[in-house]
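# Structure at a glance
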Amino acid sequence: MEDPRVLEQDLPRRAHTRNMTLSLTLALKDSALGTTPLSHRQTAVSLLKADVSHVFSAIPSILSAFAASIINNWRVASVIDLRRIFIYILVSLLELQLLLSIGVLWLVVPGLALLPWLGVQGASIWLLLRLLNKGQRPFTVAADKHKETSSSDEETSSDWFVVGGLVHNERMRQELPSKLTKIFGHDMRVFIPHSLGFLFDAVMMFLQRNIPISTERSVALYESIRASLLKPETSRVYILAHNTGTLDVSWLLSRLCADLPPDRLGKLQVFTFGAVSIEMTLPLGTLVYQQDRSNEDTPCPTITHFAFADDPFAQIGVLLGIRQRLEGRFIGSLYTIHNVALPLRGSRWLPRRRHYTFEDYLDTLLPCGDPRAGVLGQVCKIDRELSEMRELAALAQSVTNERLRTRRARLSWTALGVVANSLSGSNGCKDRDDMAGPFSLEEVRKKGRSLEGSKGYENNSLADAVKSRY
């Protein structure tokens, strides 16, 4: 029997998720063999030029989401949170003033007279960043083992890692990790990014999206996860990554695929929430084709993406990479959460609230730790058209070896169908690898039909990883 107080607290969340719908885009199968990371085929300059419009167009939405979050939560925010927000805004304004001083005043004021003023601004920014990032080292939050009623070998041998996003507050350090330990029943190793001010954070995000840049956090994350994967007693390694934290996870996966054998990578399960990265690489899909389908253990990592349709980070990240940039390699299935509620009247002059924080995702997907109480308890719509389009696009690249220009004009179903027919008709069934594309396309179609009418928590890795079974 559930506690009535818990039910009362959960009613607003359940009512909130009634205004949302859930859709699923299936993961790439063997046709991932046809995809190639964009950084392997294009220069860094061309990637940056193609991505600059997406990042700049998203900045107003990100700022609007930040402003709406501050306005809606300032009454419940702690003094530490308010102080952190004030310092972050101050640093961002000083950085903007510094760039304007360099670009404009340098043309008017002689350089020697301007240097002391620039030095004072630079020193002020450095001191504020030191204060802002004080104590931003990885830390571990232990689960309450005394309240556990049962345990298994899998539970005691699982390692969990949390990678925070762009803007975080004191709840990310205290309340949120404790909440995760209660939901999943395991210790959480938390990696929080270093804040650089919004201007430099946006520049760093823009560079990391297109260039494999290692950071202090990504290196520390790599060392920790690699050590966990190599431990024989570790059965599973879970990663929970939020928006810009997926940039370090994307860099991590590309390094792990080059350093570790596939049997070690099979322990890894990655869950992203509002991923801002434009690619997610894994070993080629032929490993999935060669394994026994009756065996649930896969030699490849399992990656599941969750994204709100109104999340400004996801709109230029996972939603863009899976829905439009079909020429890249974005491995994993995608659960998209759509908000069907109409905007409230009377808030014309206020920024519209968007769902983008880690708490938004947890409260929507796992309210009170129950995957059936949130949006995952609804019937999930299978986006079969997009799933098959991704497989056909990867197949077209494997045959024609040409870059798909899907950002401006998508390939039609007829053109992709001709490519698929040419592959199966010209090569026949002599070579097993030649049939990887048609096989994977048929597997996607079968899986899409089999999942029709299923609930979001069914066949869901995140729901399976929850400690309590409802």
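Residues numbered from 1 in each chain as written. Predicted model: local features only at pLDDT ≥ 70, side-chain atom pairs only at ≥ 80, totals over all residues. Heavy atoms only, no water.

## With respect to the pairing of strand E5 (residues 236–242)
Strand residues, when the strand is regular, have side chains that alternate between the two faces of the sheet. Worth spelling out the cut-off: Throughout this description, buried means an accessible area under 20% of the type-specific maximum (1.4 Å probe, protein chains only), exposed means over 50%, and partly exposed covers the range between. We count a stretch as a helix when DSSP gives it H or I for four or more residues in a row; a strand needs E for two or more, and each element gets its number in order from the N terminus. Strand pairing requires that DSSP identify at least two bridges connecting the strands.
Taken across its seven residues, E5 has seven buried, putting it largely inside the fold. Neither face of E5 is open: one carries Arg 236, Tyr 238, Leu 240 and His 242, the other Val 237, Ile 239 and Ala 241, and all of them are buried. With six bridges joining them, strand E3 (residues 158–163) and E5 adopt parallel strand pairing. The partner of Ser 158 across the bridge, within E5, is Arg 236. Bridge analysis of E5 against strand E6 (residues 268–273) gives six bridges, and the strand direction is parallel. Its bridge partner being in E6, His 242 is matched across the sheet by Phe 273.

## Some points on helix H3 (residues 44–73)
For clarity, the cut-off: To get the bend at a residue, fit one axis to the 7 residues ending there and another to the 7 starting there, then take the angle between the axes. Here, residues are in contact when the closest pair of their heavy atoms is within 4.5 Å.
The largest bend in H3 is about 35°, located at Asp 51. If you check which residues of H3 are buried, you get Leu 47, Leu 48, Ala 50, Asp 51, His 54, Val 55, Ala 58, Ser 61, Ile 62, Ala 65, Phe 66 and Ala 68. Where H3 is buried, its residues contact helix H2 (38–41), helix H9 (198–210), helix H14 (312–315) and helix H15 (318–323).

## Description of the side chain of Ser 157
The line we're drawing: Contacts described as polar in this section are N or O atom pairs within 3.5 Å, which, within protein, must combine one atom able to donate a hydrogen with one able to accept it, while residues neighboring in sequence count only if both atoms come from side chains.
Position of Ser 157 among the secondary structure elements: in the loop between helix H6 (153–156) and E3. For Ser 157, a relative accessible area of 12% gives the class buried. Side chain to side chain, Ser 157 and Ser 235 meet in a polar contact 2.8 Å long. With residues near it in sequence (within four places) discarded, Ser 157 still touches Glu 233, Thr 234, Ser 235 and Arg 236.

## Let's talk about the packing of aromatic side chains
Note the cut-off: Stacked, tilted and edge-to-face are the three classes assigned to paired rings of Phe, Tyr and Trp, where Trp is represented by its six-membered ring and a pair needs centres within 6.5 Å; plane angles under 30 degrees give stacked, over 60 edge-to-face, the rest tilted.
Enumeration according to the criterion identifies 14 aromatic pairs in this entry. Summarising the aromatic geometry, the rings of Tyr 222 and Trp 251 are spaced 6.3 Å apart at their centres and angled 75° between planes, so their arrangement reads as edge-to-face. With Tyr 222 in helix H10 (residues 216–230) and Trp 251 in helix H11 (residues 245–259), this residue pair connects regions lying 29 residues apart in the sequence. The same class applies to Tyr 222 as to Trp 251, namely buried. Ring geometry for Phe 273 and Phe 306: centres 5.6 Å apart, planes at 15°, overall stacked. Of this pair, Phe 273 sits in strand E6 while Phe 306 sits in strand E7 (residues 302–308), and the two are 33 residues apart along the sequence. Of the two residues, Phe 273 and Phe 306, both sit in the buried class. Aromatic rings pair up to connect Phe 273, Phe 306, Phe 308, Tyr 335, Phe 358 and Tyr 361 into one cluster.

## Quick notes on empty space enclosed by the protein
Just so we agree on the cut-off: A 1.4 Å probe that fits but cannot get out identifies a cavity on a 1 Å grid over protein atoms alone, an open set with protein on both sides within 12 Å along at least five of seven lines counts as a pocket, and a residue lines either if it has an atom within 4 Å of a point. Grid points are joined across faces, edges and corners, and a volume is the space filled by probe spheres set on the points. Each residue is assigned to one of three groups, with Ala, Val, Leu, Ile, Met, Phe, Trp, Tyr, Cys and Pro labelled nonpolar, Asp, Glu, Lys and Arg labelled charged, and all others, Gly among them, labelled polar.
All chains considered together, the criterion is met by four cavities of 30 Å³ or more. For the largest cavity, the calculated volume is near 60 Å³. Residue lining of the largest cavity: 10 residues in total, with Leu 28, Arg 325, Leu 326, Gly 328 and Arg 390 positioned closest to the centre. Here the residues of the lining of the largest cavity sort into five nonpolar, three polar and two charged.

## What about the nonpolar core?
The line we're drawing: Residues enter a nonpolar core if they are buried and are Ala, Val, Leu, Ile, Met, Phe, Trp, Tyr or Cys, with the set joined through side-chain atoms within 4.5 Å.
Core analysis: the biggest nonpolar cluster contains 69 residues, and Phe 184, Ile 225 and Leu 365 have the highest contact counts within it. Phe 66, Leu 114, Leu 118 and Ile 125 belong to the second largest nonpolar core, which has 26 residues in total.

## Here we look at a nonpolar patch on the surface
Defined as follows: Note on patches: the residues involved have over 30% relative accessible area and no salt bridge, like charges join within 9 Å, and the nonpolar side chains Val, Leu, Ile, Met, Phe, Trp and Tyr join within 5 Å. Accessibility throughout is a Shrake-Rupley quantity obtained with a 1.4 Å probe, and a residue counts as covered only by protein chains that appear here. Any carboxyl oxygen of Asp or Glu that lies within 4 Å of a side-chain nitrogen of Lys or Arg is treated as forming a salt bridge with it.
Taken together, the side chains of Leu 96, Leu 100, Val 104, Leu 105, Trp 117 and Val 120 define a hydrophobic patch exposed on the protein surface, amounting to about 530 Å² of accessible area. Those elements that provide at least two residues to the nonpolar patch are helix H4 (79–108) and helix H5 (111–132). The dominant element in the nonpolar patch, judged by the number of residues it contributes, is H4, at four residues. Relative to the elements of secondary structure, Val 104 occurs in helix H4. Judged by relative accessible area, Val 104 falls into the partly exposed class, the value being 48%.

## Digging into the packing of H10 against H11
This is how it is decided: Axis angles are defined between N-to-C directions and span 0 to 180 degrees, where every axis is a line fitted to C-alpha atoms and, for a helix, only to the segment in contact. Roughly parallel covers angles under 35 degrees, roughly antiparallel covers those over 145, roughly perpendicular covers 65 to 115, and oblique covers all other angles. For any pair of crossing helices, the crossing counts as left-handed if the nearer helix is rotated counterclockwise from the farther one by less than a right angle, and right-handed if it is rotated clockwise.
Running from N to C, H10 and H11 cross one another at 45°; their axes reach a closest spacing of 9 Å. By the angle class used here, H10 and H11 are oblique. The interaxial crossing formed by H10 with H11 has right-handed handedness. Every residue of H11 that contacts H10 at Arg 217, Ser 218, Val 219, Leu 221, Tyr 222, Ile 225, Arg 226 and Leu 229 is listed here: Gly 245, Asp 248, Val 249, Trp 251, Leu 252, Arg 255, Leu 256 and Asp 259.

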